[in-house]
Amino acid sequence: MQNNENKRVYVIGQTEIAARPLVPALYLVATPIGNLGDITLRALETLAGADHVACEDTRVTRVLLDRYGIRQRPTAYHEHNASEAGPRLIEALENGRSVALVSDAGTPLVSDPGFRLVGQAQERGIRVVPIPGASAVLAALTASGLPSDAFFFAGFLPVKDGQKRTRLEEVRAVPGTLIFFESPRRLADTLEAMADVLGARQAAIGRELTKAFEEIRTGTLSELAVHYAEADTPKGEIVICVAPPEERTETADDVDKLLLSLAKEMPASKAAAEAARMTGGQKPALYRRLLELREGSGD
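Residues numbered from 1 in each chain as written. Predicted model: local features only at pLDDT ≥ 70, side-chain atom pairs only at ≥ 80, totals over all residues. Heavy atoms only, no water.

### Structural notes on the packing of aromatic side chains
Scanning the entire structure with this criterion turns up 2 aromatic pairs. For the ring pair Phe 153 and Phe 181, a centre distance of 4.9 Å and an interplane angle of 65° mean the geometry is edge-to-face. With Phe 153 in strand β8 (residues 151-156) and Phe 181 in strand β9 (residues 177-182), the pair connects residues that are 28 residues apart, well separated along the chain. An aromatic cluster is present here, built from Phe 153, Phe 156 and Phe 181 joined pairwise through their rings. Here Arg 67 stacks its cationic end above the ring of Tyr 68, 4.6 Å away from the centre of that ring. (Phe/Tyr/Trp six-rings, centres within 6.5 Å; stacked < 30°, edge-to-face > 60°. Helix = DSSP H or I, 4+ residues; strand = E, 2+ residues; numbered from the N terminus. Lys NZ or Arg CZ within 6 Å of the ring centre and 35° of its normal.)

### A few points about the pattern of salt bridges
Inspection of the entire model under this criterion finds 18 salt bridges. Among the ionic pairs, Asp 57 bridges to Arg 59, the shortest N-O distance being 2.9 Å. Through salt bridges that share partners, Lys 7, Glu 16 and Arg 71 make up one connected network. (Salt bridge = Lys/Arg side-chain N within 4 Å of Asp/Glu carboxyl O.)

### A few points about the side chain of Asp 51
Relative to the helices and strands, Asp 51 resides in the loop between α1 (41-49) and β4 (52-55). At 2.9 Å, the side chain of Asp 51 and the side chain of Arg 8 are in polar contact. Among the polar contacts listed, one links the side chain of Asp 51 to the backbone nitrogen of Ser 98, at a separation of 2.8 Å. Leave out the neighbours within four places in its chain, and Asp 51 touches Arg 8, Gln 72, Arg 97 and Ser 98. (Polar contact = N/O pair within 3.5 Å; in protein donor to acceptor, adjacent residues only side chain to side chain. Contact = heavy atoms within 4.5 Å.)

### A few points about the pairing of strand β7 (residues 128-131)
Going residue by residue along β7, you find Val 129 and Ile 131 tucked away on one face and Val 128 and Pro 130 left uncovered on the opposite face. Judged from the 4 bridges that link them, strand β3 (residues 26-29) and β7 form a sheet pairing that is parallel. Looking across to β7, one finds that Tyr 27 is bridged to Val 129. (Buried < 20%, exposed > 50% of the residue type's maximum accessible area, 1.4 Å probe, protein only. Pairing = 2+ DSSP bridges.)

### A short note on empty space enclosed by the protein
Counting across every chain of the model gives 1 cavity of 30 Å³ or more. When its volume is computed, the largest cavity comes out at roughly 40 Å³. Class assignment for the residues of the lining of the largest cavity results in 5 nonpolar, 1 polar and 2 charged. (1 Å grid on protein atoms, 1.4 Å probe; cavity = no way out; pocket = protein on both sides within 12 Å on 5 of 7 lines; lining within 4 Å. Points joined across faces, edges and corners; volume = space filled by probe spheres on them. Nonpolar A, V, L, I, M, F, W, Y, C, P; charged D, E, K, R; others polar.)

### A few points about the packing of helix α7 (residues 187-198) against helix α8 (residues 221-230)
Contact geometry for α7 and α8: axes closest at 8 Å, N-to-C directions at 160°. On the basis of their axis angle, the class for α7 and α8 is roughly antiparallel. Between α7 and α8 the crossing geometry is left-handed. Residue-level contacts link Leu 187, Ala 188, Leu 191, Glu 192, Met 194, Ala 195 and Leu 198 of α7 to Leu 221, Ser 222, Leu 224, Ala 225, Tyr 228 and Ala 229 of α8. Of the residues that constitute the contact of α7 with α8, the class distribution is 11 nonpolar, 1 polar and 1 charged. (Axes fitted to C-alpha atoms, helices over the stretch in contact; angles between N-to-C directions. Parallel < 35°, antiparallel > 145°, perpendicular 65-115°, else oblique. Left-handed = near helix turned anticlockwise from the far one by under 90°.)

### Some details on the environment of Ala 82
For Ala 82, the location among the structural elements is in helix α3 (residues 82-94). Taking the C-alpha atoms as reference points, Ala 82 and Val 29, separated by 53 residues in sequence, lie 18 Å from one another. Not counting the four nearest positions on each side in its chain, Ala 82 is found in contact with Tyr 77, Pro 87 and Arg 116.

### Here we look at the sheet that holds strand β12 (residues 238-242)
Backbone hydrogen bonds are what pair the strands of a sheet, in a parallel or an antiparallel way. The strand order across the open sheet built from 5 strands is β8-β9-β12-β10-β11, with neighbouring strands paired in mixed fashion. Lying at the two open borders of the sheet, with one neighbouring strand each, are β8 and β11 (215-220). Geometrically, the sheet is characterised by an average inter-axis angle of 20° between neighbouring strands, direction not taken into account. Sheet analysis places strand β10 (residues 202-207) next to β12, joined by 5 bridges and oriented antiparallel. When the sheet's bridge partners are listed, Gly 206 is paired in β12 with Val 239. The strands touched by helix α6 (residues 161-171) within the sheet are β8 and β9, with β9 carrying the most contacts at an inclination of about 155°. On the sheet, α8 packs against β10, β11 and β12 and is oriented at approximately 125° with respect to β11.

### Overview of the environment of Ala 143
Here Ala 143 lies in helix α5 (residues 136-144). In this structure the C-alpha to C-alpha distance between Ala 143 and Ser 269, which are 126 residues apart in sequence, comes to 43 Å.

### Side note on α3
Look at α3: 17 Å from first C-alpha to last across 13 residues, which is about the 18 Å you get at 1.5 Å a residue. Buried-residue contacts for α3 involve β3, β4, β5 (75-76), β6 (99-101) and α4 (114-123). Taken from the residues just after α3, Gly 96 is the one with a positive phi, measuring 85°. (Expected span 1.5 Å × (residues − 1).)

Set out below in structure tokens:
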């Protein structure tokens, strides 16, 4: 008879359901970002049926497993032990075992070290199976009211202001909604930097998504920066969504005027680079055009 501790089951309400055997593979299991009811049935069966469950924090994952009567003993796999824990998981996979990988919340590999394990598995020809589910990125995007046909997830911005603004400059021209994670205590400063670098764009702040105190606040970046600078430091996880840049339709004459204006204040190469940043054009072509304009004017 099978020991109760080793029973591969999960519980929905008062019903105990046996998990079917899993094909040996690395399973990437999305878990709820707050509300434990957002787990999928396929995720529950995978967690119950896996030979090993690897997670960021065993205490966090234990809460989810206990909620659904899953008798697993999760092991830790996170940024600080990936070099030791990763090879052990790969060894188990190569020995025909099944491994379910979860993060503390949401989809594994989004702002966590799971991509290393996936890369190692793929290098060895081990099957990788995604088990989709909750995602803070998509939850915030769909509730933001901003365009969702194209978006760019930029994760966490650098902490230092200069590096943060440099990174914002790098994504400034991305033709889609920008999505960031941020710490509550840095939210006001980050919104101020975004307003300075990205301009008067619409944005949405998603806080404590799917939880009891869920909040979606919208406005311009400047308006949101002022609100959070004056309010108490918010609590919980933060997602920032920022609208795409407005389409620019400069004429050739507009670009020529911009090039000549910039060239009065800086060297030709730098002027071309700045014009490329402002218009989305290509620096080499703009540099050649500036030289042509200068030759034509006799400068």
